[in-house]
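Take a look at the letters that make up each chain.
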Amino acid sequence: MSLADRDLEWMQHALAEADRAAEHGDVPVGCVIVDAEGQELSRGRNRRELEGDPTAHAEIDALRAAARRIGHWRLEGATVYVTLEPCAMCAGALVNARVARVVYGATDPKAGAVDSLFTIGRDLRLNHRFEVQSGVLTAEAVGRLQAFFRRLRAAGEK
């Protein structure tokens, strides 16, 4: 299987996690972390509304679960699949976790920190860097976000 095909397959799983986030009223962002051998380590989804926690982003949820699973905070060689470009907090956590790659779907012009506003993960001043692949199943990720916010606006919530 090619790397591009693998990225598509894992992003489908991240999109499923995004759907689960929306089911409990959170912004539909999902994340899957895969080790260097291509085995799933963890899944995560936004839980800010569910848990009342501003740090409960999909990437943080998945990073915590992956670290628990392997018994260590270093996720060297891992690829992170996330439906929305990581924010500064999440991008910093990805650097700290020493992941190898970040693959995302939708760009985030207001908060994206790996391409849009900042290039955390590729900044040479940092002690670790990761590869970034954007635009994987973008239309699907954007569609979920647009539908979610359209529902909130229709309900007078945003």
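The text that follows walks through the structure, step by step, so that each part is easy to find. What you are looking at is a predicted structure, and each value in this text was computed from that prediction instead of being measured.

## Structural notes on the pattern of salt bridges
- Going through the model one piece at a time under the given rule, you end up with 11 salt bridges.
- Taking the shortest distance from any N to any O, the salt bridge between E17 and R20 comes out at 3.3 Å. A residue pair is termed a helical-turn pair when its members lie 3 or 4 positions apart in one helix, as E17 and R20 do in helix α1 (residues 3-23) at three residues.
- Of the residues examined, R20 reaches a relative accessible area of 39% and is grouped as partly exposed.
- Between R101 and E131 there is a salt bridge, and its shortest N-O distance comes to 3.4 Å. On the criterion of sequence distance, the pair formed by R101 in strand β4 (residues 101-106) and E131 in strand β5 (residues 131-133) is long-range, its members being 30 residues apart.
- What makes R101 buried here is its relative accessible area of 8%.
- Here the residues in one salt-bridge network are E17, R20, E40, R43 and R45, joined through shared partners.

## Regarding the environment of V95
- Following the sequence through the fold, V95 ends up in helix α4 (residues 88-97).
- Placed 46 residues apart in sequence, V95 and E49 show a C-alpha to C-alpha distance of 25 Å.
- The contact partners of V95, leaving out residues within four places of it in the chain, are I120, G121, L126, N127, H128 and F130.

## Examining the environment of D115
- Tracing the backbone shows D115 in the loop between β4 and β5.
- Separated by 18 residues in sequence, D115 and Q133 place their C-alpha atoms 9.8 Å apart.
- Those residues within four positions of D115 in sequence are excluded, and the remaining contacts are E85, Y104, R122, V132 and S134.

## Quick word on the sheet that holds strand β2 (residues 40-45)
- Spatially, the five strands line up as an open sheet ordered β2-β1-β3-β4-β5, and their pairing is mixed. Two strands close off the open sheet at either side, each with one partner strand: β2 and β5. Looking at each pair of strands side by side, their axes are set apart by 15° on average, direction ignored.
- Note that strand β1 (residues 30-34) and strand β3 (residues 79-84) share four bridges and pair antiparallel. Paired with I33 across the two strands is V80, which belongs to β3.
- Contacting β1, β2 and β3, helix α3 (residues 58-70) runs over the sheet at an angle of about 150° to β2.
- Set on the sheet, helix α5 (residues 138-154) makes contact with β3 and β4; between it and β4 the angle comes to about 60°.

## A look at the pairing of β2
- Strand direction decides the pairing type here: β1 and β2, joined by five bridges, are antiparallel. Among the inter-strand pairings, C31 is bridged to a residue of β2, identified as G44.
- Here β1 hands over to β2 after five residues, with G38 in that stretch at a positive phi of 85°.

Reading guide: rules and limits
Residues numbered from 1 in each chain as written. Predicted model: local features only at pLDDT ≥ 70, side-chain atom pairs only at ≥ 80, totals over all residues. Heavy atoms only, no water. Salt bridge = Lys/Arg side-chain N within 4 Å of Asp/Glu carboxyl O. Helix = DSSP H or I, 4+ residues; strand = E, 2+ residues; numbered from the N terminus. Buried < 20%, exposed > 50% of the residue type's maximum accessible area, 1.4 Å probe, protein only. Contact = heavy atoms within 4.5 Å. Pairing = 2+ DSSP bridges. Axes fitted to C-alpha atoms, helices over the stretch in contact; angles between N-to-C directions.

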